[in-house]
Amino acid sequence: MMTTRRSTKYGLRFIALAYLAILLFVPVGLILYRTLEPGLNHVWQEITTPAAVHAFWLTIEVTLIAVPLNTVLGILAALVLTRSNFRGKALMDTVIDLPFAISPIVVGLSLIFVYGQTGWFGSDLADAGIQVIFSVPGIVLATIFVTLPFVVREVVPVLIEVGDEQEQAAATLGASRWQTFRRITLPSIRWGVAYGVVLSTARAIGEFGAVSVVSGKISGQTETMTLLVEKRYGNFNVSGAYAASALLAVIALITLLGMTVLNPRKDPS
Amino acid sequence: MSTPSISFARLGRRKPSTKAYVAGRPGPLAVGVVMLWLSVIVLLPLSAVVVKSLDGGVGEFWDAVSNPQAVAALKFTLIVSLIVTAVNAVIGTLIAWVLVRDDFPGKRLVNALIDLPFALPTIVAGITLLALYGHGSPVGIDIAFTQAAVAFALLFVTLPFVVRSVQPVLIELDTDMEEAAASLGANGRTIFRRIVLPNLSPAILGGCALAFARAVGEFGSIVLISGNIPFHTQVASVYVYKQLESDSPISAAAVSVVLLLLSLAVLLGIRLLGRFTSR
Amino acid sequence: MIAVHGISKRFGDFQALNDVSLEIPEGSLTALLGPSGSGKSTLLRIIAGLETPDSGRVVIAGEDTTAISPQERNIGFVFQHYAAFKHMTVRDNVAFGMAIRKRPKAEITSRVDELLGIVGLSGYQDRYPAQLSGGQRQRMALARALAVEPRVLLLDEPFGALDANVRAELRAWLRRLHDEVHVTTLLVTHDQEEAMEITDRIAVMNAGQIEQNGPPRELYDKPANRFVMSFLGPVATLGGVMVRPHDLRISSDPSDGAFEAQITRVVHLGFEVRVEAELAGGESVWVQVTRADAEMLEAEPGDIVWVSTHVDAGMMLDAGAEGDAPVA
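Within every chain, residues take consecutive numbers counted from 1 along the sequence as written. Chain labels run from A onward and ligand labels from 1 onward, assigned in the order the entries are written. Residue-level local features of this predicted model are given only where pLDDT is at least 70; pairs of side-chain atoms are given and counted only at 80 or more, and the full residue set underlies all totals for whole chains, interfaces and linings. Side-chain measures were taken over the full set of non-hydrogen atoms in the model, leaving aside hydrogen atoms and water.

A. Quick peek at the interface of chain B and chain A. Working rule for contacts: check all heavy atoms of both residues, and any pair within 4.5 Å makes them a contact. The interface of chain B with chain A comprises 100 residues on the first partner and 102 residues on the second. When two components associate, each loses some accessible surface as probed by a 1.4 Å sphere; the sum of these losses over both components is called the buried area. Both sides together, the interface formed by chain B and chain A hides about 9000 Å², and carbon and sulfur atoms give 77% of it. Salt bridges are counted wherever a side-chain nitrogen of Lys or Arg sits within 4 Å of a carboxyl oxygen of Asp or Glu. In this assembly, chain B and chain A are joined by two salt bridges. As a salt-bridge pair, Asp-102 of chain B and Arg-13 of chain A come within 2.7 Å of each other at their nearest N and O atoms. Polar contacts, as counted here, are pairs of nitrogen or oxygen atoms within 3.5 Å of one another; within protein the pair requires one atom able to donate a hydrogen and one able to accept it, and residues that are adjacent in sequence qualify only if both atoms are side-chain atoms. Taken together, the links from chain B to chain A amount to eight residue pairs in polar contact (both at pLDDT 80 or more). Put simply, DSSP H or I for four residues or longer makes a helix, DSSP E for two residues or longer makes a strand, and each gets a number counted from the N terminus. Ranked by residue count, the leading element in the side of chain B that touches chain A is helix α2 (residues 28-53) of chain B, at 19 residues.

Here it is in structure tokens:
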């Protein structure tokens, strides 16, 4: 191992920690402090208002729809990418990555152009009495869009690393395709899937930009937790905004815990 | 954290093995289902943006994109994103280095916290930064509504990308090379410059590409701290939002198309980089 | 009994198998022997159903299985890198085939125990593959393959990933196992020593074709061509004829048909002695002699000797013959 001069080592460490302190530790610590300053009682009141409770459950509901869908399809997509041969694989791979690279505002916009009143399906949906934009389905679609890549991206490297010899062995032993998938493939990818689920969930809960555009921010109806934070801040209800933010921050820290625990396990080597 | 498309390069290298009898090998139905899913969720809406942007013909598209406020927003977005990416390239690598090669009490905690910007909702990040470095700041720094504030917010949200991209490569790096260089008389700086850095550059570039793409599209963390002052601190995503709000969908769509093209360019860049480095 | 008729397979530009036909007798332990790229693994996988041939037929126990999936062929397959089910215990690995077929638990347990006993892994039921050595994993893989009572057992370079001494041990053990269990077994290997030592028949393959097929002794003593000869054992060339170094004689006196040579090196390899010499034309040849003979000869580098072959076993080598064969 290359030995760095002690002064260099301490210098680098100092720069890194100072940067992280200014950018990361202090701000987050401050929010938690500011939130708890008026007392836990106050915090509790702020996060149990009817609007807050509704926002909480709406966020959960949307997450519980988007994440499982993207998990199942993510596993399927990962299998297709690593085990099938077809033209257009590169295209599929790029499309899967798009949600990583696209602004959430553009995501929201794109959904309005398809499902909004003046959108492509606008009149058909209106005739059928279905409202997507400014309603929960729109929020769900936006969330599905932005959380699409996570499970796929975590499962693909695991599938590549593990290889398909175990599946071949299972075939020679008489297992059908479904039996092999259930008993061999799925267990081999479970940590990758778990990690991907944790990431998608965090993203789903925290989505703001896309949801901002499509939800209409109707309090008690289409207002998610992140939108609630924004609204409260805009109404100068700073402590209310901090309280909701703190709740989201705590969820984020739990997510981090999940990531830290699962990270070593998802690497099959 | 996942790095998109870097893994695709490895896909291309696999030996072609045949036949779908072997289980775990999805058939054409699976391929179709995935394609359908991707088309409905991603491609359909995005193509609507493109089509909508041309609703008024190329002329209106061009007007929307060359509108001075739009241009200012795009320009500011690009410049600040590039600056932030450059800073990340340096400081991200440095942080990765410290996390891999150094040891100190609390290192594991610090390492875990690097992912916080990734896990934290952007609006919360915005509020957090505003509380600390905006009006009424406990440390007396008020950079709210300045371009610096935008840069700061972007630095926050893009923190994990380069660090997480470089860390695994640094961990895997064969220290034999560095030892060999040292035995040949190279000092620490030279070793870093000539041995370590070249091996890290693909990872650094990959992380930068991701950071850049994220910065360009960022909305939630900026919308509060920047004040969204047109021609000054307004970024492209906010401009699009405002256009939508003021009922100018074509204008919003047109500028979005520019952002989309930028995203695509970055993705293709990452793909080419991956193919190049996997050799 | 396994039979393949007219099997051809191409991967892109590469012709892996070219109209290959072969019969493997019931109950035998046969080797598919050849260098990398000869097509032996591909042929094995086609027999298993893990690849489909471009043309030709596969017949197992009288049944044309060409179009049948591997699941239904009732074969046992052992992979070079074990393909152990990492997340399952040894017991669950071995039991897998039976569990798939929904056999009663009691039957499974007793059969697993029986098989683990046969392969020498009794007591390892609850271990995981990661806790086993390479040799143990491969024995587990064998037990797993045998658990479903396959008609044929197919082994794809099963000892290739193991240390040399483990390889030797396991190879002998495989032969003993086969003598006990009697399943028609087809073994793919590039190690001629392995093939020679334990098999009943060897099919030598090269560049997608079968060069010769027969018992080991026959292949060694009566090779059909240069390739088979050099692949299966050491060769030396004397006057256009390919012979085994142990069929050459060195003498200090000239004789009819002998070639003059100057000794360049004498290497003592334990029991045998290798005498390397340079012929008049500049080519080198090496002769294998016993220690006793070497002592009698008192051979030293620089000495002039006469090299002859006492046996008319040898191969005609014409100038410009096709491709060099690897010297074993």
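After that view, the rundown keeps rolling.
B. Structural detail: α2 of chain B. Expected span of a helix, by definition, is 1.5 Å for each gap between consecutive residues, and there is one gap fewer than residues. In this model, α2 of chain B (26 residues) spans 35 Å end to end at C-alpha, consistent with the 38 Å of a helix rising 1.5 Å per residue. Two axes define the bend at a residue: one fitted to the seven residues ending there, one fitted to the seven starting there, and the bend is the angle between them. The largest bend in α2 of chain B amounts to roughly 45 degrees and is located at Ser-39 of chain B.

C. View of the packing of helix α4 (residues 68-101) of chain B against helix α8 (residues 147-172) of chain B. Residue and element names in this part refer to chain B. Contact geometry for α4 and α8: axes closest at 6 Å, N-to-C directions at 40 degrees. Judged by the angle between their axes, α4 and α8 are oblique. In the packing of α4 onto α8, the handedness of the crossing is right-handed. Classification used: nonpolar for Ala, Val, Leu, Ile, Met, Phe, Trp, Tyr, Cys and Pro, charged for Asp, Glu, Lys and Arg, polar for all others including Gly. Looking at the contact of α4 with α8, its residues break down into 20 nonpolar, seven polar and one charged. Angles run from 0 to 180 degrees between N-to-C directions of axes, and those axes are lines fitted to C-alpha atoms, restricted for helices to the stretch in contact. Here is the rule for angles: anything less than 35 degrees is roughly parallel, anything more than 145 is roughly antiparallel, 65 through 115 is roughly perpendicular, and the remaining ranges are oblique. Put simply, a crossing is left-handed when the front helix is turned counterclockwise from the back one by less than a right angle, and right-handed when it is turned clockwise.

D. Spatial organisation of the packing of aromatic side chains. Between 30 and 60 degrees the pair is tilted, below 30 it is stacked and above 60 it is edge-to-face, where a pair is any two Phe, Tyr or Trp rings, Trp via its six-membered ring, whose centres lie within 6.5 Å. In this structure the tally under the stated criterion is 13 aromatic pairs over all chains. Ring plane angle 75 degrees and centroid distance 4.9 Å describe the contact between Tyr-133 of chain B and Phe-152 of chain B, whose orientation is recorded as edge-to-face. Here Phe-152 of chain B lies in helix α8 and Tyr-133 of chain B lies in helix α7 (residues 122-133), a separation of 19 residues in the sequence. This pair shows no difference in class: Tyr-133 of chain B is buried, exactly as Phe-152 of chain B is. Within the aromatic cluster, the residues linked to one another by ring pairs are Phe-100 and Phe-150 of chain A together with Phe-118 and Phe-161 of chain B. Lysine and arginine charges are scored as sitting over a ring when NZ or CZ, respectively, is within 6 Å of the ring centre and within 35 degrees of the ring normal. Its end group placed over the ring of Tyr-220 of chain C, Arg-244 of chain C keeps NZ or CZ at 4.2 Å from the ring centre. The lysine or arginine in question, Arg-274 of chain C, covers the ring of Trp-286 of chain C, its NZ or CZ lying 4.0 Å from the ring centre. Remark: exposure states derive from per-residue accessible area (1.4 Å probe, protein chains only) relative to the maximum for the residue type, with buried under 20%, exposed over 50%, and partly exposed in between.

E. Representation of the pairing of strand β15 (residues 272-279) of chain C within the structure. Residues and elements named next belong to chain C. Here, a strand pair is defined by DSSP locating no fewer than two bridges between the strands. Where strand β14 (residues 259-269) lies against β15, eight bridges are found, and the strand directions are antiparallel. Across the sheet, residue Val-266 finds its bridge partner in β15, namely Val-275. The antiparallel hairpin formed by β14 and β15 contains two residues in its connecting segment, where Gly-270 sits at a positive phi of about 70 degrees. As paired elements, β15 and strand β16 (residues 284-290) share seven bridges and run antiparallel to each other. Residue pairing for β16: Arg-274 is matched across the bridge by Gln-288. Linking two consecutive strands that pair antiparallel, namely β15 and β16, is a turn of four residues; a positive phi of about 100 degrees is found at Gly-282 within it.

F. Spatial organisation of the side chain of Thr-85 of chain B. Along the chain, Thr-85 of chain B falls in helix α4. In contact with Thr-85 of chain B, other than residues within four places in its own chain, are Cys-208, Ala-211 and Phe-212 of chain B.

G. Layout of the confidence of the model for chain C. Residues and elements named next belong to chain C. pLDDT gives the predictor's per-residue confidence on a scale running from 0 to 100. Averaged over chain C, the pLDDT score is 88; the fraction of residues at 70 or greater is 94%. Note that pLDDT drops below 50 for residues 318-328; the model gives that stretch 16 contacts with residues more than four away or on any other chain. Overall fold confidence (pTM) sits at 0.83, and the ipTM for the predicted complex is 0.88.

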